[in-house]
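# Descriptive analysis of the structure
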Amino acid sequence: MGEGRPYPEHGFSSRDWAKIPPRQVRLDQLVSTKREMDLQSLLSKDSTFYGDLFPHVVQWQGELYLEDGLHRALRAALHQRLVLHARVLDLDAVDMS
């Protein structure tokens, strides 16, 4: 678990994230950028009604940071799944200068 986002600001909007096709990510490779989670988000049956169906992950310097979707990752872990489908923004492949 991290504390905040260690990677540079990427400026991606919800529309930008939607253009990234989801792929499988191993849960044990994810580093959370949030220290707390809203229990209501975890327990809500319609938690994805207004948002993206897939968590948002940022790849930076070889690490995978879970930016959005902690409740989905926790649900997957509670169901003993090893992988999660997520949208991965690869900042390692983008020139941030």
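Residues numbered from 1 in each chain as written. Predicted model: local features only at pLDDT ≥ 70, side-chain atom pairs only at ≥ 80, totals over all residues. Heavy atoms only, no water.

Going by an unreviewed UniProt entry, the chain carries the name Arc/MetJ family transcription regulator and comes from Actinomadura coerulea.

### Describing the nonpolar core
Core analysis: the largest hydrophobic core is formed by eleven residues, namely V25, L27, L30, V57, L64, L66, A73, A76, L84, A86 and V88. Broken down by secondary-structure element, the contributors of at least two residues to this core are β4 (63–68), α3 (70–78) and β5 (83–90). Setting aside anything within four residues of it in sequence, one finds L84 in contact with R23, Q24, V25, L27, L30, P55, R72, A73 and A76. Of all hydrophobic cores here, the second largest spans eight residues; its members include I20, V58, L89 and L91. (Core = buried A, V, L, I, M, F, W, Y, C linked by side-chain atoms within 4.5 Å. Buried < 20%, exposed > 50% of the residue type's maximum accessible area, 1.4 Å probe, protein only. Helix = DSSP H or I, 4+ residues; strand = E, 2+ residues; numbered from the N terminus. Contact = heavy atoms within 4.5 Å.)

### A closer look at the pattern of salt bridges
Enumeration over the complete set of coordinates arrives at two salt bridges. Note that E67 is salt-bridged to R5, the shortest N-O span being 4.0 Å. Within this pair, whereas E67 is found in strand β4, its partner R5 is found in the segment before α1 (14–18), the two being separated by 62 residues in sequence. What makes E67 buried here is its relative accessible area of 8%. Between R26 and D28 there is a salt bridge, with its nearest N and O atoms 2.8 Å apart. For D28, a relative accessible area of 56% corresponds to the exposed category. (Salt bridge = Lys/Arg side-chain N within 4 Å of Asp/Glu carboxyl O.)

### Here we look at the pairing of β4
Judged from the three bridges that link them, strand β2 (residues 30–32) and β4 form a sheet pairing that is parallel. From the neighbouring strand, L30 faces β4, where its bridge partner is L64. Examined bridge by bridge, strand β3 (residues 56–60) and β4 share five bridges and lie antiparallel to one another. Across the sheet, residue W60 finds its bridge partner in β4, namely E63. Connecting β3 to the next strand, β4, in antiparallel fashion are two residues, including Q61 with a positive phi near 50°. (Pairing = 2+ DSSP bridges.)

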